[in-house]
Amino acid sequence: MSASGRSAREKLNFQLGLRRRGISDQAVLRALEDVPREQFVEPHDKEVAYADTALGIACGQTISQPYVVAYMTEQLRTHPRHRVLEIGTGSGYQAAVLSRLCRQVVTVERYRTLADTARARLAALGCRNVEVVVGDGYDVPDTLGTFDRIIVTAAMETIPDSLMERLEPDGIMLVPVGPPEGVQQLVRLRKGADGVEQEDLIPVRFVPALVGLAKEL
Ligand code: SAH
């Protein structure tokens, strides 16, 4: 089969797989269909870019499994007028998906190399509403403002107050909470008038969120 025939079939299977696993929000499915995942993986992984698995990227990090990206995006309940903060840019794939669904995405990464690569990719794809910031998700500067939604794509043992403070009233935050190695619980927090409501979603496996900027590039 030709390369384009193969890729059309792969993309169809990709969409069917997400639907079969319960992703039903049409806007989310469309966003995943629109973002060329093969541009976010390492060159030697292009052939398997649409497989439903996490893949290794630079700096020993990972691009998340497509199902988890779709699931988290759906559970984040975004609106086109939202400003969204992502902690853990990695490849930039999740940020590209969110950029299709929200007014603005600010994504924070502790590795400068990953941030620079993601910024270039997102610019090449024309994602003009994404800002990639080199920083520490445990210490997000006030100058970034507040957000309607926050999505953390690295595992945290506890949720820092400094991050909760970046969330608007009525805002929603998704965080994988649990040990740095092994399985974490994906948690959804809603900042209500009477305090924070917490809901457990699915078990997930993310690389750990580490404190501070990365020492190496
Ligand atoms: N969302 C990414 C995958 C995230 S992998 C994607 O779509 O490809 C987790 C990322 O979080 C890694 O790149 C890691 O370097 C980053 N990270 C870990 N701790 C962090 C912290 N404290 N602040 C910002 N980024 C962090």
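Going by the structure above, here's the rest.
In this text the structure is predicted, and so the values were computed from the model without any measurement.

Digging into the packing of aromatic side chains
Point 1. Enumeration according to the criterion identifies 3 aromatic pairs in this entry.
Point 2. Summarising the aromatic geometry, the rings of F14 and Y50 are spaced 5.1 Å apart at their centres and angled 85° between planes, so their arrangement reads as edge-to-face. Of this pair, F14 sits in helix α1 (residues 3–20) while Y50 sits in the loop between α2 (26–34) and β1 (55–56); the two residues are 36 residues apart in sequence, bridging distant segments of the chain. Summarising the burial analysis for this pair, F14 and Y50 share the class buried.

With respect to the site of the ligand
Point 1. Taken together, 28 residues lie near the ligand, and S91, E109, D136, G137 and L210 sit nearest.
Point 2. A distance of 3.0 Å separates a nitrogen atom of the ligand from a polar backbone atom of G88.
Point 3. For the ligand, an oxygen atom lies 2.6 Å from a polar atom in the side chain of S91.
Point 4. Out of a free accessible area of 580 Å², the ligand has 99% covered by protein chains.
Point 5. When each cavity is represented as a set of grid points, the ligand is found to reside in the largest pocket.
Point 6. When contributions to the shell around the ligand are tallied by element, the ones reaching two or more residues are β2 (62–63), β3 (83–87), α4 (93–99) and β4 (104–109).
Point 7. In the shell around the ligand, the residues fall into 12 nonpolar, 12 polar and 4 charged.

Notes on empty space enclosed by the protein
Point 1. Considering all chains together, one arrives at 1 cavity of 30 Å³ or more under this definition.
Point 2. Computed from the structure, the largest cavity encloses a volume of approximately 30 Å³.
Point 3. Lining of the largest cavity is provided by K11, F14, Q15, L32, E33 and Y50.
Point 4. Mapped onto the lining of the largest cavity, the elements with two or more residues apiece are α1 and α2.
Point 5. When residues in the lining of the largest cavity are grouped by element, the largest group, 3 residues, is from α1.
Point 6. Residue composition of the lining of the largest cavity, by class: 3 nonpolar, 1 polar and 2 charged.

Criteria and cut-off values
Residues numbered from 1 in each chain as written. Predicted model: local features only at pLDDT ≥ 70, side-chain atom pairs only at ≥ 80, totals over all residues. Heavy atoms only, no water. Phe/Tyr/Trp six-rings, centres within 6.5 Å; stacked < 30°, edge-to-face > 60°. Helix = DSSP H or I, 4+ residues; strand = E, 2+ residues; numbered from the N terminus. Buried < 20%, exposed > 50% of the residue type's maximum accessible area, 1.4 Å probe, protein only. Near = heavy atom within 4 Å. Polar contact = N/O pair within 3.5 Å; in protein donor to acceptor, adjacent residues only side chain to side chain. Areas by Shrake-Rupley, 256 points an atom, 1.4 Å probe, with all protein chains shown as cover. 1 Å grid on protein atoms, 1.4 Å probe; cavity = no way out; pocket = protein on both sides within 12 Å on 5 of 7 lines; lining within 4 Å. Sits in = over half its atoms within 2 Å of the grid points. Nonpolar A, V, L, I, M, F, W, Y, C, P; charged D, E, K, R; others polar. Points joined across faces, edges and corners; volume = space filled by probe spheres on them.

On their own, these measurements won't tell you what the molecule is for.
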